[in-house]
Structure formats: C-alpha cells, structure tokens
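Fold and geometry: a report
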Amino acid sequence: MSNNEIKNICCIGAGYVGGPTMAVIAKYCPEIQINVVDTNKERISAWNHKELSNLPVYEPGLAQIISTIRGKNLHFSCEIQKHISEADMIFISVNTPTKTKGIGAGEASDLKWVELCARQVSHYSKGHTIVVEKSTLPVRTAEVIKNILDNSVSQTKKDERIAKTFDVLSNPEFLSEGTAIRDLESPDRVLIGGDNKKAINILSKIYLSWVPKHKVLHTNIWSSELAKLTANAFLAQRISAINSIAALCETTGADVREVARAIGSDTRIGEKFLDSSPGFGGSCFKKDILNLVYLAKYFGLPQVADFWQGVVELNNWHQKRISKLIVNKLFGTLSGKKIIILGFAFKANTNDTRESAAIQICKDLMQEGAILHIHDPKVQSSQICIDLNANLIDENDQRVNSENNNVWIEVKDIYHSFIDADAIVLLTNWEEYSSINWELASTKMRRPGWIFDARSIVNQEDLANLDLNFWRVGDGSLN
Ligand code: NAD
Ligand code: UGA
C-alpha cells in the first residue's frame, strides 16, 4: 500500500455477501483490483460462467454489473494464497453458522472458518494489510483475529517481521437478499468500527466513492460488531411481534393488516417490517439471535438471553401453527391429498432457501401424508430435495401415494398443477403469484378447495364468487 491508497483487495468468501459486495465496490472503484476467492471450486466457476443466468447468487441487477466489470477489475478465483499475498486490504466474508457441537452448540457462532481465514492471512500476507471483518461476528471476535495475526508476526523470521503488520476493522454488512444491489448502492449507513483512525479513513474512502459522507458511521470495534447482531435481532423481533398479533387477530376477528397499518402510522413505530408471514427465514436472523442469546448467557445475563430466545421460539411456534391449521382445515388428515406449494425461497427475489419457513411447513405436511407439488421461480429442484431430504419424482410415478412421505413433484406449469388440487399454499411473496387467475384455478381444483395465503398476496375480491375456502394469515374476519 502506498500513499494510503488501496490498489488491491482480496475478499475471502464468494457467497451471498462477498460476491455482490465486491461487485459493487469494483463498479464504483475502477482503480482497485478486486479478487474474490473461495475454497469452493464449483462456486468460483459459476461466478466465472459465461452464461450469467448460471451465477451462484440470484440478485436483481447483479448479473448486469458482473457482465460489465468481470475480468476488468473484478475477478473470481480459487488461488487464495496468491491473492492474499498481493492484497493491501482483505475482507473476511465467510460463513459463520451456528455451532452444531461442543461448547455453545445450537447457539454460539461457529468461528472455525473465520479463524482459518485469519491463519491464512497471517501466513500469506505481505507488508501492511488492513483486515476487514465483513462476516457477522460475535462481539469481541476482532480480538481473536488480532491475536492470531499478531502471534504470526512474532513467529515470523526476524527479517520478515518488520514488513508484516495488520489493522483489524469491523465493517458488517446490512444488505438484504433480493434487494442486495439496491442496498449496497444506496445503503442506510455503512458502519466501520476500529481503533486506528488512519485505517478507518482508508476504508471509508472506498465507500465515499458512492456513499454520502453522513452515512458512513465510525464507532469503536465492539460497538460495530454488536450493532450488527442487534440490528438483526430488532428486525426479527418485529416479525415475531406482528406474527404473534396475527394469531390473536385470527381468534378475535381483527385483521393484522389493519392493525399493522394503524400502529405503523405512528412514526415512532414506523410502517416497515410489519408484514405478517409464515415466519422469518434466511441464513441470519435465527443464527444471529441465537448468538446474542449465547453471548448474554456467557456474560451472565440470563434475563437478556431469555428475552431474545423468545423471538426465535415464537417464530418456530408460528411455522408449526400454520401447518397444524392446514391439517385441521382439511378435516384432520392430508393422507393422499394434493397440495400445491407456491414459493420455497425464504423471501421473494432470491434463490436462497436457508431457514425458509417453507422447509418446516412442507416437512410437516409431507409427514401428514400430503402429496406436495412445489413451485418456485428461482430455487433449483436439487436444493429442495436437500432441504426436504426427499426425492423428486414425476407426477405419474407409482410412488405418488400417501404412504411415501419422502417424495415431491416439481411444478413447471402452475395452472396445470391446480388440476384436482385440494389446497394451494402461498409461502413466498413472489410478484408472479399476485396475478394468478383464481377463477381459472377454481375450475381445476377438487372440492372442497382451499387457498392458504401465508403472505397476504391474494386479493380477496378475486375470490368473491368462487366456491373456494380461503384462509389468510392474521385475518380474523374470515372465520
Ligand atoms: P455463504 O455461505 O453464501 O458464503 C460464504 C463462502 O465462504 C462460501 O462460499 C465458503 O465456501 C467460503 N469460505 C469459507 N471458508 C473459507 C476459507 N477459509 N477460504 C475461502 N473461502 C471460504 O455466506 P453469506 O451468506 O455470504 O454470509 C457470509 C457472512 O455474511 C456471514 O457471517 C453472514 O452472517 C453475513 N451476512 C450475510 C448476509 C446475507 O444476506 N446472506 C447479509 C449480511 C451479513
Ligand atoms: C436480513 C436483514 O434485513 C439485513 O439487514 C441483514 O443484513 C441480513 O438479514 C443478514 O444479516 O443476513 P434478509 O434475511 O436477507 O436480510 O431478508 P429480510 O428482508 O430481512 O427478510 C428476512 C425474513 O423476514 C424473510 O423470511 C422475510 O420474508 C421475513 N419478513 C420480512 C417478514 O416476515 N415480514 C416482514 O415485514 C419483513
């Protein structure tokens, strides 16, 4: 690095965050060479695929950016050692899932990938390197990273030691999937935490290429790490809050959309993030809250832990509530019944299914003997097989029967799938589901036919003269 100018960035982790984030930095900083590296060869070759529809991450606007800068100042590679050694700045953007075993299993974040990155950086980097935590990390992780980096310096041969130095910054990412490019190009804020003003300014300068100065916030490193977990926890608790009220609406005759509008117009509450749904999904809300729960317990604050634990428990309960309700409405048995699932991604405009509410709901319905026909515009059938631990079969396959609860059928033509369907369940808010011709659907379904709308997509007026039963999340007026 010369004159405090960053010329070469390496991002470790070419996932939902690393890929889009680096694409946007590369777009606005053409003078910086950016290499996104990953151990996953398939992922890297998908990022390099000529056919842009094969990119590993689907995000509106992403393919267009990739098409203009890939091979110019944005590169995807498996040559981790080479690109770490050339970089002035390294973003760590690897996965931090919940630990599955050992101390903190089921709650704490598994930092093995982050730790491995720190070790790789400590081995291969040269000169002064700014290491940026982009992954979501438990508060005080920077201490661990710094420790690994500093220890490597003390172990390095004397002549190399002078040359190898590090700054560690926290720069959590707040993008949402489905709107990642918009969020990156016009962020509400960019958060940079650290204790070295010079390093903070160097990273800020990159963002200031397109983000207004007042939106670039500087904090100490621990506040930055904790603010990321807190932001996700606050967002998720709003969804659990509105979904808890949805259940109450259904039993009292109130309508959760009306309640949300009424409370959301109070500027202190605000109107966003009040859509009742089948429950929050996505790779982060659950894991980040559980991480917060773990930290609270670790630091001796059990009441704080219980408070946040409740947000996750409500979400789990709500998903189960929806599957139970479907079984009850269909006379207590789904055995051999044809149920169409519209939407499998955890939200619209993404191909991501991690923690999607559809997974639990579909599993429950299959367990009850339902024959599931599943549609999603972007999720690959192979992913659905993995998520449901079930086989994809043809609708004429002999294995289509209620005894076999580990098979499912892919919907290619939505209207064709409605033939003889007992129920249609809307689980993801894809735009295309809002223009379904319900009159046509009604002519094809078996009677009694049910529509279960867990996303409030269906316009109730479109069902007015159709003899279909309708349930909508949080709508007590339908009872
Ligand atoms: P991801 O699983 O899509 O991608 C992570 C990538 O890192 C994988 O491709 C994996 O192969 C790679 N990797 C792991 N260890 C590596 C190593 N040592 N060397 C090279 N590559 C390695 O994860 P993601 O969704 O991009 O999330 C990354 C981080 O960002 C997580 O901490 C997450 O909590 C956070 N985050 C995610 C989102 C989101 O919308 N997905 C938003 C904000 C923050
Ligand atoms: C969320 C946060 O919004 C991002 O700021 C954060 O960076 C990211 O997590 C992360 O750290 O991974 P994301 O999970 O991609 O982003 O998507 P959201 O739009 O937050 O939706 C999460 C879930 O909540 C989805 O299942 C969505 O359908 C659901 N949701 C959202 C509702 O049920 N109701 C709402 O009103 C809003």
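The paragraphs below set out a description of the structure included in this document. Position labels on residues start from 1 in each chain and follow its written sequence. Chains carry letters from A onward and ligands carry numbers from 1 onward, assigned in written order. In view of the model being predicted, local features appear only for residues whose pLDDT reaches at least 70, and side-chain atom pairs are presented and counted only at 80 or more, with totals across whole chains, interfaces and linings using the full set of residues. Side-chain numbers here rest on the full set of heavy atoms in the structure, without hydrogens or water.

**Some words on the site of ligand 1**
In the vicinity of ligand 1 lie 28 residues, with Asp38, Arg43, Thr96, Glu177 and Lys287 positioned nearest. At a separation of 2.7 Å, an oxygen atom of ligand 1 approaches a polar side-chain atom of arginine 43. At 2.6 Å, a side-chain N or O of threonine 96 approaches an oxygen atom of ligand 1. Runs of H or I in DSSP of at least four residues are treated as helices and runs of E of at least two as strands, each being numbered from the N terminus. At 4 residues, helix H5 (residues 112–124) tops the list of elements feeding residues into the shell around ligand 1. Each residue gets one of three labels, nonpolar for Ala, Val, Leu, Ile, Met, Phe, Trp, Tyr, Cys and Pro, charged for Asp, Glu, Lys and Arg, and polar for the others, Gly among them. Split into classes, the residues belonging to the shell around ligand 1 amount to 10 nonpolar, 11 polar and 7 charged. When we break the shell around ligand 1 down by domain, the ones giving at least three residues each are domain 1 (8–219) and domain 2 (230–313). Here, proximity means that at least one heavy atom of the residue falls within 4 Å of the molecule or strand. Under this definition, polar contacts are N or O atom pairs within 3.5 Å; protein pairs additionally need one hydrogen-donor-capable and one acceptor-capable atom, and for neighbouring residues in sequence, both atoms have to be side-chain atoms. Domain limits in this description derive from either an automatic procedure or a database domain assignment.

**Let's talk about empty space enclosed by the protein**
In this analysis, the protein atoms alone were mapped onto a 1 Å grid. Cavities are point sets where a 1.4 Å probe fits without being able to get out; pockets are open sets with protein on both sides within 12 Å along at least five of seven lines; lining residues have an atom within 4 Å of a point. Grid points are joined across faces, edges and corners, and a volume is the space filled by probe spheres set on the points. Counted according to the given criterion, the structure contains 2 cavities of 30 Å³ or more. Estimates place the volume of the largest cavity at around 40 Å³. In this structure, the largest cavity is lined by Glu133, Ser135, Thr136, Leu137, Ser170, Pro172, Ser224, Glu225 and Lys228. In terms of residue count, helix H10 (residues 221–252) provides more of the lining of the largest cavity than any other element does, 3 residues in total. Split into classes, the residues belonging to the lining of the largest cavity amount to 2 nonpolar, 4 polar and 3 charged. What lines the second largest cavity is simply Pro278, Gly279, Ala345, Phe346, Ser356, Ala357, Ala358, Leu427, Thr428 and Arg455.

**With respect to the sheet that holds strand E10 (residues 371–375)**
Two strands qualify as a pair provided DSSP detects at least 2 bridges between them. Read across the open sheet, the 7 strands follow the order E11-E12-E10-E9-E13-E14-E15; overall the sheet is parallel. The open sheet has two edge strands, strand E11 (391–393) and strand E15 (468–472), and neither has a second partner. Between one strand and the next, the sheet's axes are offset by a mean angle of 25 degrees, whatever the strand orientation. Inspection of the sheet shows strand E9 (residues 338–342) paired to E10 by 5 bridges, in the parallel sense. When the sheet's bridge partners are listed, isoleucine 341 is paired in E10 with isoleucine 374. Together, E9, E10 and strand E12 (407–410) form the strand contacts of helix H14 (residues 357–367), whose direction differs from that of E10 by roughly 155 degrees. Geometry is summarised by axes, namely lines fitted to C-alpha atoms with helices restricted to the contacting stretch, and by angles between N-to-C directions that run from 0 to 180 degrees. By definition in these notes, contact holds between two residues if any of their heavy atoms fall within 4.5 Å.

**Focus on the pattern of salt bridges**
Salt bridges, as used here, are contacts in which a Lys or Arg side-chain nitrogen is within 4 Å of a carboxyl oxygen on Asp or Glu. The full count for this structure, using the stated rule, is 21 salt bridges. Glutamate 173 is paired through a salt bridge with lysine 134; the nearest N and O atoms lie 3.0 Å apart. Within this pair, whereas glutamate 173 is found in the loop between strand E6 (165–170) and helix H8 (180–185), its partner lysine 134 is found in the loop between strand E5 (128–133) and helix H6 (141–155), the two being separated by 39 residues in sequence. Residue aspartate 150 pairs with lysine 146 through a salt bridge whose shortest N-O separation is 3.6 Å. One end of the pair is aspartate 150 and the other is lysine 146, both in helix H6 and 4 residues apart, which spans about a single turn. Burial here depends on accessible area, computed with a 1.4 Å probe over protein chains only, as a share of the maximum for the residue type. Under 20% is buried, over 50% is exposed, and the range in between is partly exposed. Given the relative accessible area of 30%, lysine 146 is considered partly exposed. A single network of salt bridges, built from pairs that share partners, joins Glu177, Asp352 and Arg354.

**Quick word on the site of ligand 2**
Neighbouring ligand 2 are 20 residues, the closest being Leu175, Glu177, Lys228, Ser277 and Cys284. Between an oxygen atom of ligand 2 and a side-chain N or O atom of serine 277, the distance comes to 2.5 Å. The contact in question runs from an oxygen atom of ligand 2 to an N or O atom on the side chain of lysine 347, over 2.8 Å. Taking 690 Å² as the accessible area of ligand 2 by itself, protein coverage stands at 90%. Counting residues per element, the shell around ligand 2 draws most heavily on H10, at 4 residues. A 1.4 Å probe and the Shrake-Rupley method give the accessible areas. Residues count as covered only by the protein chains that appear here.

**Examining the environment of alanine 163**
By secondary structure assignment, the location of alanine 163 is in the loop between helix H7 (158–161) and E6. Residues alanine 163 and leucine 116, 47 residues apart in the sequence, show an inter-C-alpha distance of 22 Å. Not counting chain neighbours up to four residues away, the residues in contact with alanine 163 comprise Lys126, Gly127 and His128.

**Comments concerning the nonpolar core**
Ranked by internal contacts, the top residues of the largest apolar core, which has 62 residues, are Ile339 and Trp438. The leading source of residues in this core is H14, at 7 residues. Residue-level mapping places this core at the junction of two domains, with at least three residues from each of domain 2 (230–313) and domain 3 (317–478). Non-local contacts of tryptophan 438, meaning those with residues more than four positions away in its chain, are made with Ile424, Leu426, Ile451, Val458, Asp462, Leu463, Leu466 and Leu468. Put simply, a nonpolar core is a bunch of buried Ala, Val, Leu, Ile, Met, Phe, Trp, Tyr and Cys residues held in one set by side-chain atoms that sit within 4.5 Å of each other. Grouped together as the second largest cluster of nonpolar side chains are 44 residues, Ala14, Ile25, Ile202 and Leu203 included.

**Let's talk about unusual backbone geometry**
A cis amide bond links arginine 447 with the next residue in sequence, proline 448, at an omega value of -5 degrees. Despite not being glycine, serine 456 has its phi angle at roughly 50 degrees, a positive value. With respect to the secondary-structure elements, serine 456 resides in the loop between strand E14 (449–453) and E15. Classification of serine 456 as partly exposed rests on a relative accessible area of 26%.

**A word on the packing of helix H1 (residues 18–28) against helix H3 (residues 62–69)**
Helix-helix packing is described using two parameters, namely the angle between the two axes and the distance between the axes. Contact geometry for H1 and H3: axes closest at 10 Å, N-to-C directions at 50 degrees. In terms of their interaxial angle, H1 and H3 are classed as oblique. Seen from above, H1 lies across H3 with left-handed handedness. Counted together, Pro20, Ala23, Val24, Ala26 and Lys27 of H1 and Leu62, Ile65, Ile66 and Ile69 of H3 form the full contact between these two elements. Residue composition of the contact of H1 with H3, grouped by class: 8 nonpolar, no polar and 1 charged. Reported orientations rely on four angle classes, namely roughly parallel under 35 degrees, roughly antiparallel over 145, roughly perpendicular from 65 to 115, and oblique for the rest. Put simply, a crossing is left-handed when the front helix is turned counterclockwise from the back one by less than a right angle, and right-handed when it is turned clockwise.

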